[in-house]
Amino acid sequence: MSSLEAYRTLFDLQGKVALVTGGAGGIGAAICEGLAAYGATVVVAGRTASKVEKLAAEIEAAGGKTWGLEMDVLDVQGVRDRVDQIVDRYGRLDILVNSSGTHREAAAIDFTESHWDEILDLNLKAAFFLSQAVARVQIPANGGKHIHVSSVRSMLGIHRGYVAYCSSKGGLNLMIKQLATEWAKHNITVNGIAPTFTRTELVKGYLEDPGFYNPLVARIPLGRICEPIDLAAMAVYLAAPASDFITGQIIFADGGVTASQ
């Protein structure tokens, strides 16, 4: 192989199988499309079968290879069963992208135990047991890639009631580093993508409010919010051979927010 041919394979995902949880969400859908565009077979996973199946059909129609799979990441045994199903179907599972997550906004002084547990269970506990289930099939297969979607708020507080969200994402960052350290000997890389505010349908109302949008963008040195394709591009990099020597890293896709705050 010539040196130029070696470089051309750096982003080649042909023959790889990727599982993307939260796959039908605004960020997850873009990541599914990005991975499929570079040749991966993408398992689009989420709680609502109709949504993941619809996205999978759209990617198939565009020339990608996908499977829409209903999955509840809060069900630990169910996750293990789904991972086994994927391996039974394709014979491998090379890439995990965890884009599942949620938040509850309330002042810290009023935050309830039930809401705390809800956020920590989905954003942190589920993330771990999802990675664990995938690692259990990747270790005998000599490696794989794990990518978790974190947040700029894993590093920075915010003048709003996001105590559980910030805590869960901060914990996720350290979990990523720990798993990367433990699993390096198995050729498994574990990394995180930490975006700032991202344009999705879920936050459309916020972005249409100038009183919210203008101060938000003013705090971002590059002068715009994050777009889903920005995160898809990072996911492709972290899933591809180009990032084989990158592990335990939290990459802040934030337009310079953490460089200036």
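Residues numbered from 1 in each chain as written. Predicted model: local features only at pLDDT ≥ 70, side-chain atom pairs only at ≥ 80, totals over all residues. Heavy atoms only, no water.

1. So, the environment of Glu113
Consideration 1: Counting through the fold element by element, Glu113 comes out in helix 5 (residues 113-138).
Consideration 2: Considered as a pair, Glu113 and Leu130 are 17 residues apart in the sequence and their alpha carbons are 24 Å apart. (Helix = DSSP H or I, 4+ residues; strand = E, 2+ residues; numbered from the N terminus.)

2. Remarks on helix 8 (residues 210-218)
Consideration 1: Among the residues of helix 8, Phe212, Leu216 and Val217 are the ones counted as buried. Viewed along the axis of helix 8, the buried residues span an arc of 110°, placing them on a single side of the element. Opposite the buried face of helix 8, by more than 90 degrees, sit the exposed residues Pro210, Gly211 and Ala218.
Consideration 2: As for helix 8, its buried residues are in contact with helix 7 (204-207). (Buried < 20%, exposed > 50% of the residue type's maximum accessible area, 1.4 Å probe, protein only. Arc of directions from axis to C-beta. Contact = heavy atoms within 4.5 Å.)

3. Side note on helix 2 (residues 26-37)
Consideration 1: Spanning 12 residues, helix 2 covers 17 Å between terminal C-alpha atoms, matching the ideal 16 Å at 1.5 Å per step.
Consideration 2: Most of helix 2 is tucked away, with 9 of its 12 residues classed as buried.
Consideration 3: Along helix 2, the positions that sit buried rather than exposed are Ile27, Gly28, Ala29, Ala30, Ile31, Cys32, Gly34, Leu35 and Ala36.
Consideration 4: Check the buried side of helix 2 and you find it contacts strand 1 (17-21), strand 2 (41-46), helix 3 (49-61), strand 4 (95-98), strand 5 (144-149) and helix 9 (228-239).
Consideration 5: Looking one or two places after helix 2, you find Gly39, whose phi comes out positive at around 105°. (Expected span 1.5 Å × (residues − 1).)

4. Examining the side chain of Ser100
Consideration 1: Among the secondary structure elements, Ser100 is positioned in the loop between strand 4 and helix 5.
Consideration 2: A polar side-chain atom of Ser100 sits 3.2 Å from a polar atom in the side chain of Thr21.
Consideration 3: At 3.3 Å, the side chain of Ser100 and the backbone nitrogen of Gly22 are in polar contact.
Consideration 4: In contact with Ser100, other than residues within four places in its own chain, are Thr21, Gly22, Val73, Leu122 and Lys169. (Polar contact = N/O pair within 3.5 Å; in protein donor to acceptor, adjacent residues only side chain to side chain.)

5. Re the pattern of salt bridges
Consideration 1: One pass over the full model with this rule turns up 7 salt bridges.
Consideration 2: Glu227 serves as the salt-bridge partner of Arg199, at 2.9 Å between the closest nitrogen and oxygen. Of this pair, Arg199 sits in the loop between strand 6 (188-195) and helix 7 while Glu227 sits in the loop between helix 8 and helix 9; the two residues are 28 residues apart in sequence, bridging distant segments of the chain.
Consideration 3: Where Arg224 meets Asp230, a salt bridge forms, and the shortest distance between an N and an O atom there is 2.9 Å.
Consideration 4: Among the residues examined, Arg224 registers a relative accessible area of 40% and is labelled partly exposed. (Salt bridge = Lys/Arg side-chain N within 4 Å of Asp/Glu carboxyl O.)

6. Points about the packing of helix 4 (residues 76-90) against helix 5
Consideration 1: Taken N-terminus to C-terminus, the directions of helix 4 and helix 5 make an angle of 35°; their axes are 9 Å apart at the nearest point. Helix 5 is crossed by helix 4, and the crossing has right-handed handedness. Between helix 4 and helix 5, the contacting residues are Val76, Val79, Arg80, Val83, Asp84 and Val87 on the first element and Phe129, Leu130, Gln132, Ala133, Val134, Arg136 and Val137 on the second.
Consideration 2: Of the residues in the contact of helix 4 with helix 5, the class split is 9 nonpolar, 1 polar and 3 charged. (Axes fitted to C-alpha atoms, helices over the stretch in contact; angles between N-to-C directions. Left-handed = near helix turned anticlockwise from the far one by under 90°. Nonpolar A, V, L, I, M, F, W, Y, C, P; charged D, E, K, R; others polar.)

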